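Tertiary structure, described
Single-letter residue listing:
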Amino acid sequence: MRRPRELGALAALLALAACPARAAVGLDLPFDDGTATDVSGSGNHGQLLGDPEVVAGISGRALALDGDDDRVRIADAPSLQFTEPRVEVWFRLPGQAVAGELISKRATDGGYRVSITSAGRVRFEAGAAGSSVATTTAFVIQPGVWTPVVVKYDGSRLDLYVYGELTASADAAAVDVVSGAPVVVGRGFAGWIDEVVV
């Protein structure tokens, strides 16, 4: 994650330092050029679908999605097949939350997704359909404010961090998070999204 505009520099550094270290990066979408160019070095460039608007982001530019057909699709690749995935994303709700996905890589046989509920809470779900495990923040995300979220699965537990603080977790031993599904950013999400890292 990069330095945010709306947080002080010290608060931003503390938020990032509080999150656990990352082992590898398979996807890094800053959206600074208004496209879904992957700057991780893995070559996992995405495709903008619908008609997302390019807006001022947390650092540089971001995408404003309409909650309808706007989204970003990234084809599956070996460099995105993490058995212990970690996902980072900044987002901003324009008003009352509408349920939608921030990022997902999920099919019926497994995978994961990070979403916003209709109540304005962040939810992290992993595993196959019918046997998935999920954890959700107890608090509601404030509209109009850039919010950083980090989620990770370490093989035994789902952890969900907001502003660098562990806010929700769930035991999830042997959950199948590997999926051949594409990575999809912003499916059904109405709001601004930036700095997606997997």
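First things first, this report covers the structure right here in the doc. (Residues numbered from 1 in each chain as written. Predicted model: local features only at pLDDT ≥ 70, side-chain atom pairs only at ≥ 80, totals over all residues. Heavy atoms only, no water.)

Focus on the overall build of the protein
When its secondary structure is counted, the protein shows 1 helix and 15 strands. Taking all 198 residues of the protein together, 48% fall into the buried category. (Helix = DSSP H or I, 4+ residues; strand = E, 2+ residues; numbered from the N terminus. Buried < 20%, exposed > 50% of the residue type's maximum accessible area, 1.4 Å probe, protein only.)

Quick look at the pattern of salt bridges
Per the counting criterion, the structure on display carries 9 salt bridges. Look at the salt bridges and you will find they share partners, linking Glu101, Arg106, Arg113, Arg123, Glu125 and Arg187 into a network. (Salt bridge = Lys/Arg side-chain N within 4 Å of Asp/Glu carboxyl O.)

Overview of the environment of Asp38
Relative to the helices and strands, Asp38 resides in the loop between β1 (28-29) and β2 (47-49). As for Asp38 and Ile74, which are separated by 36 residues in sequence, their C-alpha atoms are 9.5 Å apart. The contacts of Asp38, once residues within four sequence positions are left out, are Gly26, Leu27, Asp28, Leu29, Gly43, Asn44 and His45. Within polar-contact distance, the side chain of Asp38 engages the side chain of Ser40 at 2.9 Å. Within polar-contact distance, the side chain of Asp38 engages the backbone nitrogen of Asn44 at 2.8 Å. (Contact = heavy atoms within 4.5 Å. Polar contact = N/O pair within 3.5 Å; in protein donor to acceptor, adjacent residues only side chain to side chain.)

Some details on the side chain of Lys105
By secondary structure assignment, the location of Lys105 is in strand β7 (residues 100-107). Looking at Lys105, its side chain comes within polar contact range of the main-chain oxygen of Ala181, at 3.0 Å. Setting aside chain neighbours within four positions, we find Lys105 in contact with Asp76, Leu80, Gln81, Gly110, Gly111, Tyr112, Ser179, Gly180, Ala181, Pro182 and Val183.

Here's the deal with a negative patch on the surface
Residues Asp51, Glu53, Asp66, Asp68 and Asp69 make up a contiguous surface patch of negative charge. Turning to its location among the elements, Asp69 is positioned in the loop between β4 (61-66) and β5 (71-74). Since its relative accessible area comes to 36%, Asp69 is described here as partly exposed. (Patch = residues over 30% accessible without salt bridge, like charges linked within 9 Å, V, L, I, M, F, W, Y side chains within 5 Å. Areas by Shrake-Rupley, 256 points an atom, 1.4 Å probe, with all protein chains shown as cover. Lys, Arg positive; Asp, Glu negative; His and termini not counted. Charge placed at Lys NZ, Arg CZ, Asp CG, Glu CD.)

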